[in-house]
Amino acid sequence: MEKILVTTDLSANSKPGIRFAMQLAKQRNAELIILHVFYVLKATSWSDKTYKTYFQRAEKNIQQNLSSFMKTIVRAPNIPKVAFRVQLTHGLDTVESILAYAEKEAITYICISTRGAGMIKKLFGTNTSDLIRRSDLPVIAVPKTWRLKPIKKVLYAADFKGYTRELRKVIAFAGPINARVDMLHLIRNDEHIHEITLGKEFNHKVHVEYKKINIENTVVEGIDEVVKDQKPSVVVFFTHQNRSLIDRILFPGNAEEYCFYGKVPLLTFQKAD
């Protein structure tokens, strides 16, 4: 059985990510895990026994807060009825703790809310963009403006480099939930691929969309225009993880850039080099 992991910092901004994960878990008939990462500091003057007592008390309080937080979500109208379990994990590095837990539990998809970021955070990373860069697992970044709805259409932003391998992963996501797949390519020439060929190859209908690039716009702006027009449920990017910090500052990746202002959940996979 698949496992979907969604993280929360117990803030209102994290609720859309949880709602999306609940919707996805329902459509995929998957197990849902709600994860909160916490860290309890130890005063230098404390003995191990004192710290253990303090830690256990803090952990119990956080567990109660997490349970209460989830009750406010499940009581809301139209929330999907799915079974879930809440988990705590202790760690100083939030992203590292999420990835370690995901590996231990054999997670299929990681969901996390994103709230946008200012320029400094955009350059040096937030938990969402850091998770996208570091995760070998697919990550779904859910904007705080997302409203609960069924997942019906997936827009895959392709660059025609290894698209066959990538499309298999997209269809593995879309197929079990009976979602339509639209394959978008921003072009400067007349390079085309036929939908019929793709449909036969993958046993799933793939709609191919081509959009001429406006040289005054970035790639993300071009994709955003199509998103506004087609209103997909999810946008899919494949992103490189092996770029240096300087590369990321000067040339932000499309997935990292999009997650800061996109209005649609963003599903990212690691791109093969």
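Coordinates for the structure precede this section.
Computed from a prediction, not measured in an experiment: that's the story for all the values here.

Moving on: the overall build of the protein chain. Helices and strands together make up the secondary structure of the protein chain, namely 10 helices and 10 strands. With 273 residues in all, the protein chain has 48% of them scored as buried. Of the accessible surface of the protein chain, which amounts to about 14,300 Å², a share of 51% is contributed by carbon and sulfur atoms.

What follows is about the layout of surface pockets. Put simply, the second largest pocket is a space of about 410 Å³. Together, 20 residues line the second largest pocket, and Asp9, Ile112, Ser113, Arg115 and Asn127 are the ones closest to its centre. At the level of elements, strand S2 (31-38), helix H3 (94-105), strand S4 (109-114) and helix H5 (127-134) are the ones that each hand at least two residues to the lining of the second largest pocket.

Glancing now at the packing of helix H1 (residues 15-28) against helix H2 (residues 48-74). Relative orientation of the contacting elements H1 and H2 amounts to 65 degrees, with a least axis distance of 11 Å. It follows that H1 is roughly perpendicular to H2 by the angle criterion. Read as a crossing pair, H1 and H2 show a hand that is right-handed. Residues Lys15, Ile18, Arg19 and Met22 of H1 touch H2, and the partners they reach there are Phe69, Met70, Thr72, Ile73 and Val74. For the contact of H1 with H2, a count of residues per class yields 6 nonpolar, 1 polar and 2 charged.

Time to look at a nonpolar patch on the surface. The grouping of Tyr39, Leu41 and Leu92 at the surface amounts to a nonpolar patch, some 370 Å² of accessible area in total. Structurally, Leu92 can be placed in the loop between strand S3 (84-90) and H3.

Attention now moves to the pairing of S4. A regular strand carries its side chains on alternate faces of the sheet. The buried count for S4 comes to 6 of 6 residues, which makes it a mostly enclosed element. By the alternation rule, side chains of S4 split into Tyr109, Cys111 and Ser113 and Ile110, Ile112 and Thr114, which are all buried. Strand direction decides the pairing type here: strand S1 (residues 3-7) and S4, joined by 3 bridges, are parallel. Its bridge partner lying in S4, Val6 is registered against Cys111.

A word on the pattern of salt bridges. Counted by the stated rule, this structure contains 9 salt bridges. A salt bridge links Glu105 to Arg85, with the nearest nitrogen and oxygen atoms 3.1 Å apart. Of this pair, Glu105 sits in helix H3 while Arg85 sits in strand S3, placing them 20 residues apart in sequence. Residue class for Glu105 comes out buried when judged on its relative accessible area of 16%. Within this structure, Lys3, Glu31, Arg85 and Glu105 form a network of salt bridges that share partners.

The next point concerns the packing of aromatic side chains. Scanning the entire structure with this criterion turns up 8 aromatic pairs. Seen in terms of ring centroids, Phe38 and Phe55 are 5.7 Å apart; in terms of plane orientation they differ by 35 degrees. Their pairing is tilted. A residue pair is termed long-range when its members are at least 10 positions apart, and Phe38 in strand S2 and Phe55 in helix H2 qualify at 17 residues. The same class applies to Phe38 and to Phe55, which are both buried. Measuring from ring centre to ring centre gives 5.4 Å for Tyr109 and Phe173, while their planes differ by 75 degrees; the resulting arrangement is edge-to-face.

The topology assignment puts Leu88 in strand S3. Between the C-alpha atoms of Leu88 and Leu66, which are 22 residues apart in sequence, the distance is 8.8 Å. Beyond its immediate chain neighbours, meaning those up to four positions away, Leu88 contacts Leu35, His36, Phe38, Glu59, Ile62, Gln63 and Leu66.

Next up on the list: the nonpolar core. Counting 50 residues, the largest nonpolar core has Phe20, Leu32, Ile140, Tyr156, Phe173 and Val236 as the members making the most contacts within it. No other element matches H2, which puts 8 residues into this core. Setting aside anything within four residues of it in sequence, one finds Ile140 in contact with Phe20, Leu24, Tyr109, Ile110, Cys111, Ile112, Phe173, Pro265, Leu266 and Leu267. Core analysis: the second largest hydrophobic core is formed by 15 residues, Leu5, Ile98, Ile110 and Ile132 among them.

Conventions we followed
Residues numbered from 1 in each chain as written. Predicted model: local features only at pLDDT ≥ 70, side-chain atom pairs only at ≥ 80, totals over all residues. Heavy atoms only, no water. Helix = DSSP H or I, 4+ residues; strand = E, 2+ residues; numbered from the N terminus. Buried < 20%, exposed > 50% of the residue type's maximum accessible area, 1.4 Å probe, protein only. Areas by Shrake-Rupley, 256 points an atom, 1.4 Å probe, with all protein chains shown as cover. 1 Å grid on protein atoms, 1.4 Å probe; cavity = no way out; pocket = protein on both sides within 12 Å on 5 of 7 lines; lining within 4 Å. Points joined across faces, edges and corners; volume = space filled by probe spheres on them. Axes fitted to C-alpha atoms, helices over the stretch in contact; angles between N-to-C directions. Parallel < 35°, antiparallel > 145°, perpendicular 65-115°, else oblique. Left-handed = near helix turned anticlockwise from the far one by under 90°. Contact = heavy atoms within 4.5 Å. Nonpolar A, V, L, I, M, F, W, Y, C, P; charged D, E, K, R; others polar. Patch = residues over 30% accessible without salt bridge, like charges linked within 9 Å, V, L, I, M, F, W, Y side chains within 5 Å. Salt bridge = Lys/Arg side-chain N within 4 Å of Asp/Glu carboxyl O. Pairing = 2+ DSSP bridges. Phe/Tyr/Trp six-rings, centres within 6.5 Å; stacked < 30°, edge-to-face > 60°. Core = buried A, V, L, I, M, F, W, Y, C linked by side-chain atoms within 4.5 Å.

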